[in-house]
Amino acid sequence: MCSGRVDLEFVLRAFSNGMDGVFIGGCRLNECNYITHGNYHALNMVLLCKKLMEHIGLNPERLRIEFMSSAEGIVFAEVMSAFGNRMKELGPLGKSEGVDPNTLKSKLAEIRKLVPYIKVVENEKLASRLKKPDEYDALFTKEEIDKLFSEVISYYIDPEKCQACMTCARRCPAEAVISAKNQIHVIDQDKCIKCGTCFEVCPPKMRAVVKISDGPVPPPLPEDKRTIVRKGKEK
Ligand code: SF4
Ligand code: SF4
């Protein structure tokens, strides 16, 4: 019902599935049927996605958003026709850009994994309402996107502090926390989508989850060393 519902992940998934172009049609800006102005969210998401596409070598013209009313059939037909023709000129995804299909696949997979992280970092801009089209280009800059990837945050559980309360494992949306009763918890870095939930929910008296942005994540504690011996139970 609303272009604001089109998530960044949906667009990247379409490209991962081999779509050559993605078109999003939204209601006219400032004519939203709801109080949410979701079409601004869609616009900001598209502006961000275009920069992400440039970052991995894709032509951002493969993603287009236009705003029109349901009575504007002719406008819709013209826009779709122009978009379709441009996609025909560009050809299959990555071909005119000279990006190797396997490299493209792995880059798209890497970015899709980071969608929750990207959305958290860019939350404020994704919710903004730009007044004029000439502000669009400046919303997300190339430098900002490069920094987003060069300073990506990883989360690590400090084995000295974890008390195996299991809160992080229950709340993790990606089942990335290796959890068992009375066992120091460990984050599976391959599964982690860097949403930061574990960092937020680890109780203040433990503060066992740490953010790492300036170096490699320490290796996980070996399984046979994860058992927590509670006070009073030590022999
Ligand atoms: S940051 Fe924490 S909660 Fe989020 S996916 Fe990674 S381990 Fe799970
Ligand atoms: S929430 Fe904190 S203390 Fe509890 S299991 Fe996770 S890392 Fe350990």
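Scroll up for the structure.
None of these values were measured; they are calculated from a predicted model.

Asks: Describe in detail the site of ligand 1, supporting the description with residues and values.
Replies: Taken together, 13 residues lie near ligand 1, and Cys-172, Cys-192, Cys-195, Gly-196 and Cys-198 sit nearest. Here the shell around ligand 1 is built from residues that sort into 10 nonpolar, two polar and one charged.

Asks: Got a sec to walk through the site of ligand 2? Specific residues and values, please.
Replies: Neighbouring residues of ligand 2: 14 residues in total, closest Cys-162, Cys-165, Met-166, Cys-168 and Cys-202. Taken together, the residues of the shell around ligand 2 sort by class into 11 nonpolar, three polar and no charged.

Asks: Please provide a residue-by-residue account of helix H2 (residues 38–55), values included.
Replies: Helix length check: H2 (18 residues) gives 26 Å between terminal C-alpha atoms against 26 Å at 1.5 Å per residue, within 8%. Buried residues dominate H2, accounting for 13 of its 18 residues. Looking one or two residues beyond H2, the residue adopting positive phi is Gly-57, at roughly 90°.

Asks: Mind laying out the nonpolar core, listing which residues take part and the relevant values?
Replies: Residues Leu-8, Leu-63 and Ile-118 are the most contacted members of the largest nonpolar core, which totals 38 residues. The set of elements that each furnish at least two residues to this core consists of helix H1 (8–16), strand E1 (22–26), H2, strand E2 (63–67), helix H4 (101–113), helix H5 (115–121), helix H7 (136–139) and helix H8 (142–150). At nine residues, the largest contribution of residues to this core is made by H2. For Leu-63, the residues in contact, after removing those within four places along its chain, are Val-11, Phe-15, Val-22, Ile-24, Val-46, Cys-49, Lys-50 and Met-53. The next biggest cluster of nonpolar side chains, apart from the first, holds 17 residues, and it includes Cys-162, Ile-187, Cys-192 and Met-206.

Cut-offs applied
Residues numbered from 1 in each chain as written. Chains lettered and ligands numbered in written order. Predicted model: local features only at pLDDT ≥ 70, side-chain atom pairs only at ≥ 80, totals over all residues. Heavy atoms only, no water. Near = heavy atom within 4 Å. Nonpolar A, V, L, I, M, F, W, Y, C, P; charged D, E, K, R; others polar. Helix = DSSP H or I, 4+ residues; strand = E, 2+ residues; numbered from the N terminus. Expected span 1.5 Å × (residues − 1). Buried < 20%, exposed > 50% of the residue type's maximum accessible area, 1.4 Å probe, protein only. Core = buried A, V, L, I, M, F, W, Y, C linked by side-chain atoms within 4.5 Å. Contact = heavy atoms within 4.5 Å.

Read these as layout, nothing more, since geometry by itself doesn't imply function.
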